[in-house]
Amino acid sequence: MYPSVRDPALRGPKGTGFSGASGIRSKVLSQNLVALGLTSFFSDISSEMMLAVIPLFLTTTLGFSILGFGLFEAAYQGTNALFRVVGGSVADRRQRHKQTAATGYAISALTRLGLVASALTAGVPAVPFLLADRVGKGIRTAPRDALISLSTHPNHLATAFGVHRSLDTAGAMLGPLLAFAVLAAAPGAFDAVFVVSAIAAVIGVAIISMFAQERTGALEPRPSVTGFRSQWSAVLKTPGVRPLIIVAGVLSAFTIGDAFIYLLIQRATNMSARFFPLLFAGTAVAYLLLAVPFGRIADRVGAAKVYVSGHLLLVGVYVVVAWSGLGLFASIAALVLLGAYYAATDGVVAARTSQLVPEQVRASGIALVTVVIAVGRMLSAGLFGWLWHSVGRSEAVVIWLCGLAVVLVIAAVMVASSLDRSDPDMRSAK
Amino acid sequence: MNRSGVAGIIGVVLVLSLGGVAYVAWASNRVDDEIATREARALEAIENFSTHQDESGPASTAEREAGEASDQGEAAPVEPSPIEPGAVVGINRVPGDDYGRVVVLHADGTRQLLERRCERLHIAAQLGICVSREESFGLATFTARYLDAADTELREVRNFPSQLPSRARVSPSGTLVSTTAFVTGTSYADIGGEAETLAIVDEADASTNLRGLTQFEVLSRDDRYQGVVGEYWGVSFVDEDQFWVTGFFGEEPEVLEGSVSRGVLTPSGLAGSCPSVSPDGSTLVFKRLQDDGEGFDLVAANLDSGTTWLLGESRSVDDQVEWLDDDTILYALHTNSVEEGGAAVAQPQFDIWSLDIAEGSEPQLFLPAADSPAAIRE
């Protein structure tokens, strides 16, 4: 039913450079995974170095107020979510995942030129280019994840996503460092940051264009699902998808976003705002080191189980944040737990979705689940911010902790009864 | 993944990376050039100002001679002279290598640069407070340093870690110090939103006894002070105990009176921020948000009669003013207006202006290319 990993088509032309490797490495590290991982590495360098300077750029150079910045943030996230759905849908309909993802990467790369122009010329606004960047990011995310899943044996999906997320996070860590290095060499020269960011983005586009291959249709010809509505109903009718969406949505509705966790730590430790990037780096290190191990566990015991129990790590974060004085060690523990939580959930839920959703609507399915999670987190952030303001910091965390615990119990029951069972792979169906 | 493809992509990466390095080098050069141009312009402005003062001002012979002496002084650096009463100390804002150095305008009109660098500075009696910035790899750290004002180079006495500084004050006899720093955010325009400030007071001669103003008790039964932790910034000392400060409790900034020894704050009923009390304690000058919500007006309040009036400065002043004497204030303004990008560029430029507090007075340029003024008194 699924193509064998020994099928040369899975490994790219001429047997690939990985044919010599043995064991799990050769099964997981397909050419597409390596190409997409490196593409994400470079484009994350590109986008994170841009994002690291954007608040400064918008507020100092373009005179944005904080309120304006808040509105911009909302538009920015909204654009991303909307185009994620569009990207997934288009890629499935045309059965062109690589092409759609590459287009998304190319759009983001092009926006850097606009930002360079905006930094050099007072008359060129930056905001349209920033929104266009999110259009590109939205479009590419689901087709890229779908392509990873289509290039990997179902037994190794979570590990493959772990590898991809590790490379992605490594880029995300390097980006801000590079931005600060550029600004140290040329103070105030935002154009130089955007030029370097453009270069990283172009490298990413070059890698996906040259090395990634379409992985659809040829393997298992089926009539592709064409209509927009029939596409979504195909996703939703797949056994196991609705429970997954419900569980993911409800769990993420009790997820305090990382920005809030950093803010909680910063408030508790009175850390200078300048050191904020260090908090991010602490989480990223844990994430990038643990993504592959958690992926392997998920491949062994079932992705849904790991996804749901990964939220126990988030419970750990809440406990540390709510009841410790958040000294140095407690803060580090919270950051590491947060990184581990991302490692146990982010790629794993993509893997689980990939296991469930048929190939013709794979990208749409991934888009749907990730958008549900994003919307859940946005709601959670809004509510949590309001609670923090009205009842206080620790109390708000405790309320979220209780909510998450209740939801987790329900999710655990659902997992035990159904979530891992509709797996097409016989292994977890027992 | 064939070999030529891999070699090709490595080639592309190398070429593009070199291009990036070249662009950053070019940008770095360009920034240096821009700063050199602005430095030349600022030095020219200082030159023009002193010539203009000599021609039109009622400058005495002594001042003129001092001006000439300072020209020679620039050619061959001289030992700094002691900072004596009548001098005004500030921070040099001529772009370039001297940006951020302490500048002394001696009573005889000589402009002199010290080695010490600060972001914000104040001096009274024998004590100076200097919040300085140290930077490595784009990460800035800030240190509050206590300075010996009797030393010609403002020797450091001791220091403690600080954050992005905005206000600093020493009490008239030099026994208390207060600094305000941004814990988050960078602008007072964002107070109540993202920005959060920390105002502290310290007994200068004790071993560090830092107290945040949030630990002070607000003496008022008014509802708006109950159950809220205020934000405080911009302390101005009346004497070695009493002070004025800005408080924010969720609506708009207001001026409060405080006592260090009693640890209390009393609302004054004045709406505004960054108060500064005159040396004789009779007048308070503070900032008030303009009706359009964009900039700040300077307002004076007579503390005996309670009358308030608008000062004769039409430009927006975002500074805690300093008193030159009981009738004249000093404050810094961007050299280029904010609309022209005065706030955006690296090494932003400021000038110190003086203004008589009588209604209808016109501001005068007092010290070009400097900010953070502190008048040295007897």
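Residues numbered from 1 in each chain as written. Chains lettered and ligands numbered in written order. Predicted model: local features only at pLDDT ≥ 70, side-chain atom pairs only at ≥ 80, totals over all residues. Heavy atoms only, no water.

Moving on: the overall build of chain B. Scanning chain B from N- to C-terminus turns up two helices and 25 strands. In chain B, which comprises 378 residues, the proportion classed as buried is 48%. Within chain B, counting contacts between residues at least 6 apart in sequence, those at least 24 apart form 46% of the total. Summing over all exposed atoms, chain B offers an accessible surface of approximately 17700 Å²; the carbon and sulfur share of this is 50%. (Helix = DSSP H or I, 4+ residues; strand = E, 2+ residues; numbered from the N terminus. Buried < 20%, exposed > 50% of the residue type's maximum accessible area, 1.4 Å probe, protein only. Contact = heavy atoms within 4.5 Å. Areas by Shrake-Rupley, 256 points an atom, 1.4 Å probe, with all protein chains shown as cover.)

Next up on the list: the nonpolar core. All names here are of chain A. Membership of the largest hydrophobic core comes to 124 residues, with the highest contact counts inside it found for F194, Y307, Y318 and F384. Ranked by residue count, the leading element in this core is helix α8 (residues 190–211), at 15 residues. Among residues more than four places away in sequence, those in contact with F194 are M50, V53, I54, F57, R112, L115, V116 and A119. (Core = buried A, V, L, I, M, F, W, Y, C linked by side-chain atoms within 4.5 Å.)

The first and last C-alpha atoms of helix α15 (residues 362–391) of chain A sit 43 Å apart over 30 residues, in line with the 44 Å expected at 1.5 Å per residue. Among the residues trailing α15(A), A:G392 stands out with phi positive, at a value near 110 degrees. (Expected span 1.5 Å × (residues − 1).)

Another point: the packing of aromatic side chains. Applying the stated criterion to the full structure yields twelve aromatic pairs over all chains. Pairing B:Y146 with B:F160 gives two aromatic rings, centres 5.7 Å apart and planes at 90 degrees, and the pair type is edge-to-face. With B:Y146 in strand β6 (residues 139–148) and B:F160 in strand β7 (residues 156–162), the pair connects residues that are 14 residues apart, well separated along the chain. B:Y146 sits in the buried class, given a relative accessible area of 1%. An aromatic cluster is built from A:F254, A:F384, A:W388 and A:W400, whose rings are joined through pairwise contacts. Over the ring of B:W353 we find B:R315, and its NZ or CZ is 3.9 Å from the ring centre. (Phe/Tyr/Trp six-rings, centres within 6.5 Å; stacked < 30°, edge-to-face > 60°. Lys NZ or Arg CZ within 6 Å of the ring centre and 35° of its normal.)

Residues and elements named next belong to chain B. Summed over all chains, the structure comprises one disulfide over all chains. A disulfide bridge connects C118 with C130, and the sulfur atoms are separated by 2.1 Å. One disulfide, between C118 and C130, carries an S-S torsion of -110 degrees and so falls in the left-handed class. Here C118 is found in the loop between β3 (111–117) and β4 (120–124), whereas its partner C130 is found in strand β5 (residues 127–136), with twelve residues between them in sequence. For C118, a relative accessible area of 3% puts it in the buried group. (Disulfide = S-S within 2.5 Å.)

Turning to the sheet that holds strand β1 (residues 88–92) of chain B, a few remarks are in order. Residues and elements named next belong to chain B. Taking strand neighbours across the sheet as the criterion, the four strands line up as β3-β2-β1-β25 in an open arrangement whose pairing is antiparallel. Of all the strands in the sheet, just β3 and β25 (370–375) have a single pairing partner and so form its edges. Between one strand and the next, the sheet's axes are offset by a mean angle of 25 degrees, whatever the strand orientation. Relative to β3, strand β2 (residues 101–105) runs antiparallel, the two sharing four bridges. Considered in β3, the bridge of L105 is made with R111. (Pairing = 2+ DSSP bridges. Axes fitted to C-alpha atoms, helices over the stretch in contact; angles between N-to-C directions.)

Residues and elements named next belong to chain B. Burial analysis of strand β13 (residues 231–237) places seven of its seven residues in the buried class, which makes it a mostly covered element. Alignment of β13 against strand β14 (residues 242–248), held across five bridges, turns out to be antiparallel. When the sheet's bridge partners are listed, Y232 is paired in β14 with G247. Counting the residues in the hairpin turn of β13 and β14 gives four residues.

Turning to unusual backbone geometry, a few remarks are in order. Outside of glycine, negative phi angles account for most residues, and trans bonds account for most peptide bonds. Residues and elements named next belong to chain B. The phi angle at A125 is positive, at roughly 50 degrees, despite the residue not being glycine. Summarising the element assignment, A125 is placed in the loop between β4 and β5. A relative accessible area of 40% means that A125 is categorised as partly exposed. Its identity as a non-glycine residue notwithstanding, L154 has a phi of 55 degrees, on the positive side. Of note, L154 is situated in the loop between β6 and β7. Here L154 falls in the buried class, since its relative accessible area comes to 0%.

Taken together, the side chains of A:L328, A:F329, A:I332 and A:V336 present a nonpolar region at the surface, about 440 Å² in accessible area. Judged by relative accessible area, which is 42%, A:I332 ranks as partly exposed. (Patch = residues over 30% accessible without salt bridge, like charges linked within 9 Å, V, L, I, M, F, W, Y side chains within 5 Å. Salt bridge = Lys/Arg side-chain N within 4 Å of Asp/Glu carboxyl O.)

A separate point is a negative patch on the surface. The grouping of B:D280, B:D304, B:D325, B:D327 and B:D356 at the surface amounts to a negative patch. B:D356 gets classed as partly exposed once you look at its relative accessible area, which sits at 33%. (Lys, Arg positive; Asp, Glu negative; His and termini not counted. Charge placed at Lys NZ, Arg CZ, Asp CG, Glu CD.)

Moving on: the confidence of the model for chain B. Residues and elements named next belong to chain B. Scored by pLDDT, chain B has a mean of 85; 85% of the residues are at 70 or more. With pLDDT under 50 throughout, residues 57–75 is counted as low confidence; its partners more than four residues away or in other chains account for 14 contacts. Reported confidences for the modelled complex are a pTM of 0.75 and an ipTM of 0.79. (pLDDT = per-residue confidence, 0-100.)

Right, let's talk about the side chain of A:N32 for a bit. All names here are of chain A. Within the element layout of this structure, N32 appears in helix α3 (residues 31–61). On the basis of relative accessibility, which here comes to 1%, the residue N32 falls in the buried class. Those residues in contact with N32 that sit more than four places away from it in its chain are L147, S151, F211, A212, Q213 and R215.

A few words now on the side chain of A:R144. With respect to the helices and strands, the residue A:R144 is situated in helix α6 (residues 127–150). Beyond its immediate chain neighbours, meaning those up to four positions away, A:R144 contacts A:L36, A:S40, A:A101, A:Y105, A:H164, A:R165 and A:D168.

Right, let's get into α8(A). With 22 residues, α8(A) extends 32 Å from end C-alpha to end C-alpha; this agrees with the ideal 32 Å at 1.5 Å per step. Burial within α8(A) is extensive, with 19 of its 22 residues counted as buried.

All names here are of chain B. Read across the sheet, five strands follow the order β12-β16-β15-β14-β13 without closing on themselves; strand pairing throughout is mixed. Of all the strands in the sheet, the pair left with one neighbour each is β12 (217–218) and β13. Direction of pairing for β12 relative to strand β16 (residues 264–271): parallel, over a ladder of two bridges. Bridge pairing links E217 to V264 in β16.

All names here are of chain A. Their axes nearest at 9 Å, the elements helix α5 (residues 97–120) and α8 cross at an angle of 165 degrees. Judged by the inter-axis angle, α5 sits roughly antiparallel to α8. Remark: the crossing between α5 and α8 carries left-handed chirality. Contacts from K98, A101, A102, Y105, A106, A109, R112, L115, V116, A119 and L120 in α5 reach F190, D191, F194, V195, S197, A198, A201, V202, V205, I208 and S209 in α8. In terms of residue class, the contact of α5 with α8 is built from 17 nonpolar, two polar and three charged. (Parallel < 35°, antiparallel > 145°, perpendicular 65-115°, else oblique. Left-handed = near helix turned anticlockwise from the far one by under 90°. Nonpolar A, V, L, I, M, F, W, Y, C, P; charged D, E, K, R; others polar.)

Before going further, it helps to examine the packing of helix α10 (residues 241–252) of chain A against helix α13 (residues 303–323) of chain A. Residue and element names in this part refer to chain A. The contact between α10 and α13 brings their axes to 11 Å, and the two run at 10 degrees. Taken as axis vectors, α10 and α13 run roughly parallel relative to one another. Contacts from V247, A248 and L251 in α10 reach Y307, V308 and H311 in α13. Here the residues of the contact of α10 with α13 are counted per class, giving five nonpolar, one polar and no charged.

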